[in-house]
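One-letter residues, chain by chain:
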Amino acid sequence: MQPRHQHALPKQLTIEIISGVDDGTLFRLELQGSSLTATLGRDQENDVSLPNDACVSREHAVLTWTTQGWRLEDCQSRNGTFIEADDLSAPDVSITTFHPVLIGMPFRIGKTWIIVRNYA
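Residues numbered from 1 in each chain as written. Predicted model: local features only at pLDDT ≥ 70, side-chain atom pairs only at ≥ 80, totals over all residues. Heavy atoms only, no water.

Participant: How do you make sense of the pattern of salt bridges when you look at a structure like this?
Facilitator: Any two side chains of opposite charge can pair, so long as their charged atoms come close to each other. The final tally for this structure, using the stated rule, is one salt bridge. With its nearest N and O atoms 2.5 Å apart, the salt bridge here joins E16 to R117. Here E16 is found in strand β1 (residues 12-19), whereas its partner R117 is found in strand β11 (residues 112-117), with 101 residues between them in sequence. Overall, the relative accessible area of 34% leaves R117 in the partly exposed class. (Salt bridge = Lys/Arg side-chain N within 4 Å of Asp/Glu carboxyl O. Helix = DSSP H or I, 4+ residues; strand = E, 2+ residues; numbered from the N terminus. Buried < 20%, exposed > 50% of the residue type's maximum accessible area, 1.4 Å probe, protein only.)

Participant: Looking at this model, I keep getting lost on unusual backbone geometry. Mind explaining?
Facilitator: Glycine aside, a negative phi is what most residues show, and trans is what most peptide bonds show. Of note, Q76 is a non-glycine position whose phi angle comes to about 55°, a positive value. Following the sequence through the fold, Q76 ends up in the loop between β6 (69-74) and β7 (81-83). Of the residues examined, Q76 reaches a relative accessible area of 77% and is grouped as exposed.

Listed below in structure tokens is the structure:
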């Protein structure tokens, strides 16, 4: 039995664009083994590629799975990563620049609003 604060290891993830030039786009990701990260950015090599948003950096942000759930980290992007009112690129947000992301919690990179959902 796992402690209550730990979350079950996910196998799949849906990332939905809810506002921006790619509104309505879904990214369904199959997470492989210990590779529990999803990269987001303008470059086509990203798991979530947003080439139509000029305000998104080539390598903008990373979602990483931990035993406490999903964490979002800004990759020193030009225009920042935002969850609620927090700018994850600001130096005073946290020492690690990671921020917890709950399923259904919107966040913004560039001009694109995104939600992480359970795989559907």
